[in-house]
Amino acid sequence: MKKDVTARACREFRTPFYLLNLEEFREQIRGLQAVLGKNIRLCYAVKANPFLIRTAAGEGLKLEVCSPGELAICERLGISMEQIVLSGVYKEENGILEWMRRQKGKGIYTVESRAQFEMLDRGAREIFKDGQDGKLHLLLRLTSGNQFGLDEEELCRMLRERHHHPSVEFEGIQYYSGTQKKQKVMEEELEYLDGFLKKLEQECGYRPRMLEYGPGLPVAYFQKNPGMQPDRQGMILKEMLDQMEYSGEITLELGRFLAASCGYYITRLVDEKVNRQTAYGIVDGGIHHLNYYGQTMAMKLPFYRQLDGKTCQERREGQKQEVTVCGALCTVSDVLAKRMPLYTPCKGDLLVFENAGAYSITEGIYLFLSRALPGVVFWSEKEGLRLARDIVETSPLNGEAY
């Protein structure tokens, strides 16, 4: 993020807020796509940060949507159903079938259970009349050993019975096991998937047209673990994919890896004190707004910057002091970082936490203590700074409505 943009945002908008650099998000997408090549498609996992939906869609990415709320956001933004993969371990029947009717069966739907398949098949038969004027496109999710997806036997059974369901088209397999994966885990998963896809062809006479795989590429959140450069990560993944015998279409589902680096969480020091020889700084935000995967009791130091509260310029002068930075929640757990080195910290200073573009906006314990939701600010070359969501009070949600 350009420093002058951060400074301008801090002068124009009330803290705490998220600053999302849409240009950085686009660069991350384009950089990875350039490494992977045009034959591998990208799918953005909306749950990572729904504020990036419009930008991801504009870059031509598919969108993985996992809830009625995420679907409603896509509809409000005018996203084409052809870009959507409608996923989710629980699909509410009335809502899904009504959506299918309205969209005339467009898009791709994942199957997580036998019951889900039967529900989708019923809807498809109603819309397409036994495949005479089209089919509903499905991805069968293969479980990685948890509550998501189908085990191998159930998945194979569905494929063997596919000729009895003329209104649906099995596009292929979806597989996702988690995030922040090491290279060895990805290698093992792709080797397993390659063998399983071959097994489907040999035993079920089914050749999947598509494999949608969630590699869970890691993001470096902490200073003692800077990690690998994104383009290098992409090159290693491309080498692994090139070793597969499978020759169908491959889509990579990514959320954290694409979104993290474009986001900044900005909060202001509102109080300072020393308790039993420990310096504390209290900010107007807290752990209900900022969530780093792998953070352990605030012992790891994230990437951050300190701005002078009066000039909004980066502090690089003064005596350095280790400060335990705590938030505004009334719990001892609200610690953003222990022993954070700051230059002569003063009330009013601003802390800019980097790599906050994924999950913090949606994973925080926002309703605790009925504190307000932070604002969300966009920056792009075309529009400059733009308020995407103002600060929102949560007290109406935490009290009796009737």
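Up top you'll find the structure we're talking about.
Computed from a predicted model, the values in this text were never measured in an experiment.

Novice: Describe the overall build of the protein chain, naming the residues involved and giving the relevant values.
Specialist: If you tally the helices and strands in the protein chain, you get 11 helices and 17 strands. Whereas a compact globule of 402 residues would reach a radius of gyration of roughly 21 Å, the protein chain reaches 23 Å, a difference of no more than 12%. Within the protein chain, counting contacts between residues at least 6 apart in sequence, those at least 24 apart form 71% of the total. Surface accessibility of the protein chain: about 19,200 Å² in total, with carbon and sulfur atoms responsible for 49%. Averaging the locations of the 54 positively and 56 negatively charged side chains of the protein chain gives two centres separated by 4 Å.

Novice: Could you give an account of a nonpolar patch on the surface, naming the residues involved and the relevant values?
Specialist: A surface patch of nonpolar side chains, about 260 Å² in accessible area, is lined by Ile 365, Phe 368 and Leu 369. Mapped onto the fold, Ile 365 is located in the loop between helix H11 (360-363) and strand S16 (375-380).

Novice: Describe the pairing of S16, listing the residues and the values that go with them.
Specialist: S16 sits mainly inside the fold: 6 of its 6 residues count as buried. Of the two faces of S16, the one carrying Gly 375, Val 377 and Trp 379 and the one carrying Val 376, Phe 378 and Ser 380 are both buried. Pairing between strand S1 (residues 17-21) and S16: 5 bridges, direction parallel. Looking at the pairing, Phe 17 lines up with Gly 375 of S16.

Novice: Summarise the environment of Arg 386; cite the residues concerned and give the values.
Specialist: Summarising the element assignment, Arg 386 is placed in strand S17 (residues 384-389). Residue contacts for Arg 386: discarding those within four places in its chain leaves Val 376, Val 377 and Phe 378. Polar contacts involving the side chain of Arg 386 include one to the side chain of Glu 383, which spans 3.2 Å.

Novice: Can you explain the sheet that holds strand S5 (residues 108-111)? Please cite residues and give values.
Specialist: Spatially, 8 strands are ordered S2-S3-S4-S5-S6-S7-S8-S9 in a closed barrel, and the strand pairing comes out parallel. The average angle at which neighbouring strand axes cross in this sheet is 30°, direction not considered. Relative to strand S3 (residues 62-65), strand S2 (residues 40-45) is paired through 3 bridges, and the arrangement is parallel. Bridge assignment links Ala 45 to a residue of S3, and that residue is Glu 64. The strands touched by helix H6 (residues 114-128) are S5, strand S6 (136-141) and strand S7 (168-176); relative to S5, the strand with the most contacts, the crossing angle is about 150°.

Novice: Got a sec to walk through the pairing of S6? Specific residues and values, please.
Specialist: Most of S6 sits inside the fold, with 5 of its 6 residues counted as buried. As judged from the 4 bridges shared by S5 and S6, these two strands associate in the parallel manner. Looking across to S6, one finds that Val 111 is bridged to Leu 140. Where S6 meets S7, 6 bridges bridge the pair, whose relative direction is parallel. Note that in S7 the partner of Leu 139 across the bridge is Gly 172. Following the backbone out of S6, through helix H7 (residues 152-160) and into the adjacent parallel S7, one traces a crossover that is right-handed.

Novice: Please give an account of unusual backbone geometry that cites residues and values.
Specialist: Most peptide bonds take the trans form, and the phi angle of most residues other than glycine is negative. With an omega of -5°, the peptide bond running from Thr 15 to Pro 16 counts as cis. For Pro 16, the position within the fold is in the loop between helix H1 (3-12) and S1. Of note, Lys 104 is a non-glycine position whose phi angle comes to about 55°, a positive value. Along the chain, the position of Lys 104 falls in the loop between helix H5 (93-103) and S5. Here Lys 104 falls in the exposed class, since its relative accessible area comes to 61%. Residues other than glycine seldom take positive phi values, yet Tyr 359 does so here, at roughly 75°.

Novice: So what's going on with helix H2 (residues 22-36)? Which residues, and what values?
Specialist: In this model H2 runs 21 Å from its N-terminal to its C-terminal C-alpha over 15 residues, within 8% of the 21 Å that 1.5 Å per residue would give. Where H2 is concerned, the buried positions are Leu 22, Glu 23, Glu 24, Phe 25, Gln 28, Ile 29, Leu 32 and Leu 36. A distance of 3.0 Å separates the backbone nitrogen of Glu 23 from a side-chain oxygen at the start of H2, and that oxygen is part of Asn 21. Once H2 ends, the next one or two residues include Gly 37, with phi positive near 90°.

Novice: Any details on the nonpolar core? Residues and values, ideally.
Specialist: Counting 101 residues, the largest nonpolar core has Tyr 44, Tyr 109, Leu 200 and Leu 252 as the members making the most contacts within it. At 7 residues, helix H8 (residues 183-204) tops the list of elements feeding residues into this core. Not counting the four nearest positions on each side in its chain, Leu 200 is found in contact with Leu 155, Cys 156, Leu 159, Ile 173, Gly 205, Tyr 206 and Pro 208. Counting 16 residues, the second-largest nonpolar core is a separate cluster that includes Phe 13, Phe 17, Leu 19 and Val 377.

Novice: Now, about H6: what can you tell me, with residues and values included?
Specialist: Note that an α-helix has 3.6 residues per turn; residues three or four places apart therefore point the same way. Between its terminal C-alpha atoms H6 stretches 21 Å, which fits the 21 Å expected from 15 residues at 1.5 Å a residue. Within H6, burial applies to Gln 116, Phe 117, Met 119, Leu 120, Asp 121, Gly 123, Ala 124, Ile 127 and Phe 128.

What counts, and at which threshold
- Residues numbered from 1 in each chain as written.
- Predicted model: local features only at pLDDT ≥ 70, side-chain atom pairs only at ≥ 80, totals over all residues.
- Heavy atoms only, no water.
- Helix = DSSP H or I, 4+ residues; strand = E, 2+ residues; numbered from the N terminus.
- Rg over C-alpha atoms; globule rule 2.2 N^0.38 Å.
- Contact = heavy atoms within 4.5 Å.
- Areas by Shrake-Rupley, 256 points an atom, 1.4 Å probe, with all protein chains shown as cover.
- Lys, Arg positive; Asp, Glu negative; His and termini not counted.
- Charge placed at Lys NZ, Arg CZ, Asp CG, Glu CD.
- Patch = residues over 30% accessible without salt bridge, like charges linked within 9 Å, V, L, I, M, F, W, Y side chains within 5 Å.
- Salt bridge = Lys/Arg side-chain N within 4 Å of Asp/Glu carboxyl O.
- Buried < 20%, exposed > 50% of the residue type's maximum accessible area, 1.4 Å probe, protein only.
- Pairing = 2+ DSSP bridges.
- Polar contact = N/O pair within 3.5 Å; in protein donor to acceptor, adjacent residues only side chain to side chain.
- Axes fitted to C-alpha atoms, helices over the stretch in contact; angles between N-to-C directions.
- Right-handed = clockwise from strand over helix to strand, strands pointing away.
- Expected span 1.5 Å × (residues − 1).
- Core = buried A, V, L, I, M, F, W, Y, C linked by side-chain atoms within 4.5 Å.

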